[in-house]
Amino acid sequence: MVPKTVSSSPVVSRPGPLGSAQRVPVPDDPLLGLLDAWLPAQRWYPVKGLAVRHVPWMSFALTERCTLHLLRIVGDGVDLVIQVPLVLTPAGGLAPDPRPADARGSGAAGTAGAPLPGLVGFVPEPARRPDGPRGASRASGSEGSAAPLAVHDGATHPDLWVALLGALERADDASPSDPDRHDAPGHRPVDLTGARMVGGEQSNSSVILPGVAGGSILKILRTIAIGPNPDVVVPDALARVGWTGVPRPLGWVEATWEPLDVPAEAPDLGPARTAHLAVLSELVTDARDGFELACAYASQDSSFADLAADLGRTLASMHRALREALPTGPPLEAGWLLGDLRRRAREACASSAPLGRRAAQVEVFLDGVAERLAREEAPPPVLQAIHGDMHLGQALHALGDGWKILDFEGEPLRPVAERTRPDLPLRDVAGIVRSLDYAAAVGGARSPRWTTTARTAFVEAYRREIGEDDGTAGLSVSTTEALLRALVLDKALYEVVYESRNRPAWEPIPLTAVDRLLGGR
C-alpha cells in the first residue's frame, strides 16, 4: 500500500547532477550475488539468452536507504550499462526465503509465503561508513552484523520515488515559486495519493504521480545511455519552441563522473562522462495507448481512418517543430542510405532462416530503389532530427486534446550518437505504417481493408500537412514512395528477427509484410 505522503531527507542538498559527493561503494558480493540471480528475470533486462556477467561500476546514494547502482553488463560483443535503484530496509517481520533468488520468481516472499512485489531478497546489514553521505552504509559487509536487510527494487518503492524527486534538476522554464518544487527549502511532504507503477513496460520503469506538480509521470531509465539522453533533450527542445504535442519535461536526474572512473576496457564510457537516470514529465490524463486503441478498433472492424489521419497531421507538425528546435543535418547521400539499408538487410537475413530464403529478393528490391534514386533530378532531401522509434505505442490519444507523442529515447541498445543522428522523417512514417499492420493482426481485423484504409488516411494526411516543409517535397512522387517502401521493408526485416527471438507466434505478422513488399504490393 502506497502512503499518501512521504517526507524524506535527501542526500542531495541542492539541485544539480549527482557526482562525487553522492558516491558510495558499489554492491558487495552478497548483494551482487542476489542481483545476479534476480536481474535476468526482469522484463526490462536488455540481454536475453546470452552469457554475460554483471560488473559494478558506480553507485550514488540519494538517502541512507536509497541508492542508484550502475552496473555494466559484459559479455561477448556486449557492454551495456544498466541502472538498478535499490531501497534497503530492516527485514522486520519479513522472513528471509531460504530458496535461491532465481527460484523465487520476480518477487521474494513474506512470512506467509506470498510474493511481495519489488522485494528482491535479503542481505546482511553492512557496517556503517562514517565518512559517507549522511552515514550511508558501506558496501563491504565483512564488519557488519548478522541482522538481515530487505532489498527492494527501488522503482517499486515510494521512498525511492521521493528521493528521486528531491534530486531533480528542474527544467529552466519551471516557475521558481511553484509550491510543488522538491528542491525548495522546507518543501511540504510529497503527495503520493493515487501513485502507481505503469504496467507493461519493456525497457524502463515509470510511476504515475497524480499529486505531484499537478499530475506527472516519473520515468526511471534502466538501460543507461552515455551522454545526454534524447528522451530528455528532444521533448525539452520541442516544449521550448511551443510544440504542445509532447508532455512537457519538468525535471531530470543526471549523474556525472571523473576520467579516473572510466574503465580502461570501456573507453566509450569516457568522452561525455554524464548520463540521465530519470525524467519527470507532465502526465497526459484521460488518454489511451495508441496501439491498444487501434487494436480495439480493429477487433470491431471499425474504421481507424479518422484517428490515423489525425496522427499523420500530428507527426507532420512534430517534424516541423523538430526542424525549428534542433539543428538539421546534411543533404541525404543516396549511397550512404542504400549502404545502410543493405547492411541491415544482410544482417537480418543472416539472423533468420525465413529471411535467408528471401535474401536474393531483398537485394533485387534494394537494387530497384537505388536505380530510382539515381534517376532523380531534384536536390536530395535534408536530414533532420526525428523520433527514431515511432509506432502506435509511442502515442497517446487524449480526449479533447488529440495525440501526444512519447518516448524519444530511441532503441535503447543503440549508441546515443546513432540514435540522435539526423535522418529522414519518412522513417517515422514507416514506423507507424508497420504499427498499423500489427494492430490489424493483433486486434483481429477481419478485412484487409481495415489496414489499407487506415494506412492511406495516415500517409495522405501526413503529406498534406507537411506540404513544402517536407525534406522530400522536391522529389518526385515515385521516388518518395520508393523511399517509404524501402524504410517500411527495413523495419519489417528488423521485426522478423525480433519476433523470432522473443515472440515466435508473432513472426508471421512482419514476414507477411516482407512478402507483400517484395511482391510489389
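Residues numbered from 1 in each chain as written. Predicted model: local features only at pLDDT ≥ 70, side-chain atom pairs only at ≥ 80, totals over all residues. Heavy atoms only, no water.

**Student:** Help me understand the overall build of the protein, please; the structure alone is not making it clear to me.
**Tutor:** Of the regular secondary structure elements, the protein holds 13 helices and 19 strands. By the burial criterion, 53% of the 521 residues in the protein qualify as buried. Across the protein, contacts joining residues at least 24 apart in sequence account for 71% of those joining residues at least 6 apart. Split by element, the accessible area of the protein, about 22,600 Å² in all, is 53% carbon and sulfur. (Helix = DSSP H or I, 4+ residues; strand = E, 2+ residues; numbered from the N terminus. Buried < 20%, exposed > 50% of the residue type's maximum accessible area, 1.4 Å probe, protein only. Contact = heavy atoms within 4.5 Å. Areas by Shrake-Rupley, 256 points an atom, 1.4 Å probe, with all protein chains shown as cover.)

**Student:** Looking at this model, I keep getting lost on the pairing of strand 3 (residues 52-61). Mind explaining?
**Tutor:** Within a regular beta strand, the side chains point alternately toward one face of the sheet and then the other, so they alternate between its two faces. The sheet contact formed by strand 2 (residues 23-24) and strand 3 spans 2 bridges and is antiparallel. Directly across from Val24, in strand 3, lies its bridge partner Ser59. Sheet analysis places strand 3 next to strand 4 (residues 66-75), joined by 9 bridges and oriented antiparallel. Note that in strand 4 the partner of Met58 across the bridge is Leu70. Following strand 3, the chain reverses through 4 residues before pairing antiparallel with strand 4. (Pairing = 2+ DSSP bridges.)

**Student:** So what exactly am I meant to see when it comes to unusual backbone geometry here?
**Tutor:** Residues other than glycine predominantly adopt negative phi, and peptide bonds predominantly adopt the trans conformation. The phi angle at Asp286 is positive, at roughly 50 degrees, despite the residue not being glycine. Topologically, Asp286 is positioned in the loop between strand 16 (274-282) and strand 17 (287-289). Taking the relative accessible area as the measure of exposure, Asp286 reaches 60% and is therefore exposed. A positive phi is found at Asp301, a non-glycine position, where the angle reads about 55 degrees. With respect to the element layout, Asp301 can be found in the loop between helix 4 (290-299) and helix 5 (305-325). Accessibility expressed as a relative area gives 28% for Asp301, which makes it partly exposed.

**Student:** Where do I start with the packing of helix 5 against helix 10 (residues 426-443) in this structure?
**Tutor:** Angle between the axes and distance between the axes are the two parameters that describe a pair of packed helices. Contact geometry for helix 5 and helix 10: axes closest at 11 Å, N-to-C directions at 155 degrees. Regarding the angle of helix 5 to helix 10, the classification is roughly antiparallel. Every pair of crossing elements has a handedness; the one defined by helix 5 and helix 10 is right-handed. Touching Leu311, Leu315, Met318 and His319 of helix 5 are Asp428, Val429 and Ile432, all from helix 10. Of the residues belonging to the contact of helix 5 with helix 10, the class tally is 5 nonpolar, 1 polar and 1 charged. (Axes fitted to C-alpha atoms, helices over the stretch in contact; angles between N-to-C directions. Parallel < 35°, antiparallel > 145°, perpendicular 65-115°, else oblique. Left-handed = near helix turned anticlockwise from the far one by under 90°. Nonpolar A, V, L, I, M, F, W, Y, C, P; charged D, E, K, R; others polar.)

**Student:** When you look at the side chain of Thr314 in this model, what are you seeing that I'm missing?
**Tutor:** Along the chain, the position of Thr314 falls in helix 5. On the basis of relative accessible area, Thr314 is assigned to the buried category, the value being 15%. Excluding anything up to four places from it in sequence, Thr314 contacts Trp243, Trp403 and Ile405.

**Student:** Would you take a moment to explain the sheet that holds strand 14 (residues 216-221) for this structure?
**Tutor:** Backbone-to-backbone hydrogen bonds join strands into a sheet, with any given pair of strands oriented parallel or antiparallel. As summarised here, the arrangement of the 6 strands in space is 10-15-16-14-13-12, forming an open sheet in which the pairing is antiparallel. Edge positions in the sheet fall to strand 10 (169-170) and strand 12 (196-197), since each has one partner strand and no second. Where strand 10 meets strand 15 (residues 249-256), 2 bridges bridge the pair, whose relative direction is antiparallel. Considered in strand 15, the bridge of Arg170 is made with Gly251. Helix 2 (residues 158-166) contacts strand 12, strand 13 (204-209), strand 14, strand 15 and strand 16 of the sheet and is inclined by roughly 95 degrees relative to strand 14.

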